[in-house]
Amino acid sequence: VTGAAQSAITSLGTLTSLKTSGLLTVENNAPKIKLIDSDATGTPEAMIDGSGGDLFLEVDKDDEKGTSLFGIKVDGSEKLRITSGGFLGIGSGSSTNKPLHIYRTSDDAEIRLQTNSGTEQNSYIALRHATGDLDFYTVQAGTNMKFHTANTVALTVDGSQNATFAGTVSDSKG
């Protein structure tokens, strides 16, 4: 598209490039942008759908390919992947093979759970890179770590490292 600025374009035929010096708006009662890979087997489509003010990103929307993925790259490398099986990989790339797969090449892999209910509360799980240890943390003084079975507290470790077991404690000999 060349020439004077246009407020609306209704038909272009085949568009090979679109440049704008500002905001590009897609406006109608169900705004969508469709991406078609015309030389791929089965012609898979991806869709950006803004219907109703929601945002959906559809990958291989008609299941033409079968083993599609949604990925996000930052600084030229993949950082996040959602596979066609619903698995979420963070830093794991093509080895994403669990419902949640977090991979770090040189640092500890951590999952941090945080809430702010007047005072900030932090807890996290860390897999230590150097040792392979799996550590569980509560950060604030006076907080407890609880382990549940059958929806009942089975073990409590308090802030002073005292452990309270709800059931019988026995050794491997019985």
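Here is a short report on the structure shown in this document. Since this is a predicted model, take the numbers as computed values, not measurements.

In this section: the pairing of strand β12 (residues 152–157). Note: strand β11 (residues 145–149) against β12, 5 bridges, orientation antiparallel. Bridging across to β12, Lys146 finds its partner in Thr156. Taking the residues between adjacent antiparallel strands as the criterion, β11 and β12 are bridged by 2 residues, where Ala150 takes a positive phi near 50 degrees. Inspection of the sheet shows β12 paired to strand β13 (residues 163–165) by 3 bridges, in the antiparallel sense. Its bridge partner being in β13, Leu155 is matched across the sheet by Phe165. Between the end of β12 and the start of β13, which pair antiparallel, lie 5 residues, with Gln161 showing a positive phi angle near 65 degrees.

This brings us to the pairing of strand β5 (residues 77–83). Relative to β5, strand β4 (residues 69–74) is paired through 6 bridges, and the arrangement is antiparallel. Following the sheet pairing, Ile72 is matched in β5 by Leu80. Following β4, the chain reverses through 2 residues before pairing antiparallel with β5; Asp75 in that reversal takes a positive phi of roughly 50 degrees. Judged from the 3 bridges that link them, β5 and strand β6 (residues 88–90) form a sheet pairing that is antiparallel. Paired with Ile82 across the two strands is Leu88, which belongs to β6. A loop of 4 residues connects β5 with β6, the two strands running antiparallel in sequence, and Gly86 in this loop sits at a positive phi of about 85 degrees.

Thresholds applied
- Numbers given to residues run from 1 along each chain, matching the order in which its sequence is written.
- Residues qualify for local features only when their pLDDT is at least 70, as the model is predicted, and side-chain atom pairs are given and counted only at 80 or more; totals for whole chains, interfaces and linings, by contrast, use all residues.
- Based on all heavy atoms of the structure, the side-chain values leave hydrogens and waters out of the count.
- DSSP-based pairing: two strands are paired if at least 2 bridges between them are found.
- Helix and strand labels come from DSSP, where a helix needs a run of H or I of at least four residues and a strand needs a run of E of at least two; each type is numbered from the N terminus.

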